[in-house]
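A structural walkthrough
These are the residues of each chain, in order.
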Amino acid sequence: MSWGTELWDQYDNLAIHTSKGIEFLDKYANFIRDRLAIETEYAAKLRRLAKNYQPKKKEEDDNEFTSHQAFRNVLKEINDLAGQREVVAESLQLQIIQGITLLSKTLREERKKCLSNGTYLQQNLSSQLSALERAKRNYEKAYRDSEKAVDNYKKADMDLNLSRAEVERYKNIMTAKIQQSDDAKNEYANQLQKTNNLQQQHYNELLPEVFNRLQELDEKRTRGIREFIIGAADVESSVAPIIARCLEGMVKAGESINEKEDSYKVIERYQSGFTPPTDIPFEDLSKQDPESSQESHYNNVQSSHLTVKGTISANRIKKRVGIFNIFGSNKQQKIIEACITLKNSLTADGQKEDFSDLPPNQRRKKLQAKIAELQQKIAQETAARDGLMKMKVVYEANSSLGNPMTVEGQLNESEHKLEKLKIDLKKYQGYLERANQIPMASNSPQANRNNLHNGHRVSRHSNGSTEDNNEDGDDQPDDGGSLSRSDSEDNVAQIQNGHNNNNNGSSASPESGLGTSHTSLPGSGQGSAHDNAMGEDAYYETEMELLQPLGTCRALYPFEATSEGSIPMNEGEVLQVIEIDQGDGWTRVRRLNNTNGWDEGFVPTSYIECTLYA
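Parameters at a glance
Residues numbered from 1 in each chain as written. Predicted model: local features only at pLDDT ≥ 70, side-chain atom pairs only at ≥ 80, totals over all residues. Heavy atoms only, no water. Pairing = 2+ DSSP bridges. Helix = DSSP H or I, 4+ residues; strand = E, 2+ residues; numbered from the N terminus. Axes fitted to C-alpha atoms, helices over the stretch in contact; angles between N-to-C directions. Buried < 20%, exposed > 50% of the residue type's maximum accessible area, 1.4 Å probe, protein only. Polar contact = N/O pair within 3.5 Å; in protein donor to acceptor, adjacent residues only side chain to side chain. Expected span 1.5 Å × (residues − 1). Bend = angle between axes of the 7 residues up to and from the residue. Contact = heavy atoms within 4.5 Å. Parallel < 35°, antiparallel > 145°, perpendicular 65-115°, else oblique. Left-handed = near helix turned anticlockwise from the far one by under 90°. Nonpolar A, V, L, I, M, F, W, Y, C, P; charged D, E, K, R; others polar.

As a further point, take the sheet that holds strand β7 (residues 608–612). Strand order across the open sheet formed by five strands is β6-β5-β4-β3-β7, with antiparallel pairing between neighbours. A single partner strand is all that each edge strand has here, and the edge strands are β6 (597–604) and β7. Strand-to-strand, the axes of this sheet are offset by a mean angle of 35°, without reference to chain direction.

Attention shifts here to the side chain of Arg-588. Tracing the backbone shows Arg-588 in strand β5 (residues 586–593). Overall, Arg-588 belongs to the buried group, its relative accessible area being 2%. Of the polar contacts made by the side chain of Arg-588, one reaches the side chain of Glu-600; its length is 2.9 Å.

Before going further, it helps to spend a moment on helix α4 (residues 164–255). If you check α4, its first and last C-alpha atoms are 132 Å apart, about what 92 residues at 1.5 Å a residue would give, namely 136 Å. Along α4, the largest kink reaches about 50° and is centred on His-202.

So, on to the environment of Leu-198. For Leu-198, the position within the fold is in helix α4. Relative accessible area serves as the criterion here: at 14%, Leu-198 is assigned to the buried category. The spatial distance from the C-alpha of Leu-198 to the C-alpha of Leu-129 is 9.4 Å, given a sequence separation of 69 residues. Excluding anything up to four places from it in sequence, Leu-198 contacts Asn-124, Leu-125 and Gln-128.

Okay, the pairing of β6 next. Counting buried residues in β6 gives six out of eight residues, a clear majority hidden from the surface. As defined by bridge partners, β5 adjoins β6 across eight bridges and the pair is classed as antiparallel. Bridging from a neighbouring strand, Arg-588 pairs with Phe-602 of β6.

We now examine the packing of helix α2 (residues 11–52) against helix α3 (residues 66–158). The geometry of α2 relative to α3 is characterised by a closest axis approach of 8 Å and an angle of 165° between their N-to-C directions. Here α2 lies roughly antiparallel to α3, going by the angle between them. Pair α2 / α3 crosses with left-handed handedness. When grouped by side-chain class, the residues that make up the contact of α2 with α3 number 25 nonpolar, eleven polar and nine charged.

Written out as C-alpha cells, the structure reads:
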C-alpha cells in the first residue's frame, strides 16, 4: 500500500498530515525536555536534602551509634540516587533530545523539498490543462466559423441575384474557414494528446513519487518516535541496577542498626566509674557529747539540703570569699597570672589537659583516645622522617638529583615534631597511669555524704591539703575526689551559734555585697577574729587553684548583672557550676573568657537548669 497509488488525489490532506506529524514529534521533544528538567530538579533536591541532613560537627560524638551510622549510609545512597537521576537527565539530553532535534530538522527540509516538487508538478499539469482548454476553445470557434461560412456559401450559391464573383468570394471564405477549423482541430488533438500523456505521467509516476517520498518521511518520523520512546525507557533501565543497589544499600543500612550495641555505647559514653553509695549508718545521739551531737545535727541538716536537681547534698558548700574587689593589686595580678596559666593548660573545649575534671571512667577513655591519636601521629611523622632520610642518602650518592642540604632543614623540623609528640605521649601516658591508680569510688559525692553522716567534716583547702575535724583527732587520708569546698570551720560554728555578719539586714545575695560566706570586709570589725585573720590570704589561696567544676548549667532566661559579684548571661548559654546554691537563691558559675581567662560570678538559681556530675 502506497500513498502514490491510493491517495493520488489527496495532495492537500497529505501535506497537512505530514505537517501535523512533525508537530507531534516536536511535542514529544518538549515532553522529554520537561521530564529532563524534572529529573535535574529532583536530583538537585535529593542532593540538597542529603546535604541538609548531614551530621553537624557538634554531632560527631553521636556517629558511633549504629542508628546514626545507618542514617549516614542512607544519605550516601541518596546522593548516589541523585547521581543516577542526573545520569538519566544527561542521557535524555544527549540521546533523545538531540536525536529528535536532528530528525525534526531533516524531516522539515525533506518535506519542504517534496512539497515544492509536488507544487511544481501540479502547476505544470494545470498549465497543460489550460493549454488544452484554449486549444479546445479555438477549435470550437473555428468549427463554428467554418459551418457558418459553409451556410453562407450555400445561400449565395442558391441566390440567383448574386453575381458569379460574389459567389466565388463566399466560396473562398468557406474554404479558408474550413482550413482554419481543420488546423484548430489538429492543434486541439495534438494538445489533447500531450495533456493526456502528461496527466498520465503525472498521476502514475511523478506525483506518486512525491507522495511515496512523503510516506517515507512520515514513516521515518513514526519510527523515530518509537525508537525515542524505547530509548528513553532504556536510559531508565540502564540506571535501574544501580538504583536497585542503592536501595539494597539502604536496606543493609537499616539492617545494620543494632539496638543492643547502641545501648552498650551509651553505657560506655556516660559511665562515670563511681560505685553506688553504701548504707548510711545509724547515729545514736545518746552516745555523743553535746558538741558532737550539735555538729552532727548541722551536718545532717546540710546534707539534706538538695540542689535544683535534688541529687547532690550541700556538703559541696564552699566559703564564698573574694568575689568583691577588696584586695590589693599585687595579689590580683598574681591571681590573674595563675588563671592565665590554668587557661593555657585547658583543651579547646574548656576541659583540663589531663581531663581531671571528668569522671574517672570518662577521663580514662579521653586519655586512651589522646594516646592513640599521638601514637598515630608519631607513626606518620616517623614514616615521613624515614622518607626524608632515604632522600638525603640518595642526594648524597648522586648530587645531580638534588642538594642534600635542602632535606636537612626538613629533617630537623621532623625530628623536632617527633620529639615533641613523644614528650606529649609520655605525659599523657603518665596521666593515664595516675588515673588508673585512683580508686573508682574516691571521687563519688555519695562517699562524701557518708563521711558527713559519720560525724566527720573533711575540709578541702585550696592548696590540696585535707583537714579532718573528727572528735578524736585521728588523721584521715586526703579525699582527692571530694566535692566539699568548705574552707573554714568558723562558718559552721557561726551558723550553729546563730551568728550572722549581715547586721544591717541587707539581702544575703551577691548583689548586696554580703553572701552566705560570712566574710566581712577588712577593717569593718564584723565577723570573728579568725575570719578577719584569713581575709586576703584566704582569697588568694582559694583563687590560686581554680575550683573544679561541679557540673554545667544552661541559662533558661537572659540575666543582666546590675552590681559587682554577679555576671550577665544570655539565654541558652552553657556555664560551669563551681558552687551550688546554698539556700540564698544564687549559684556561682564560671565561663571561659578568650581575653581575660575565666569570668566567675553569681547568677539566680531560678534562671538556670543545672546538670551536676554524678
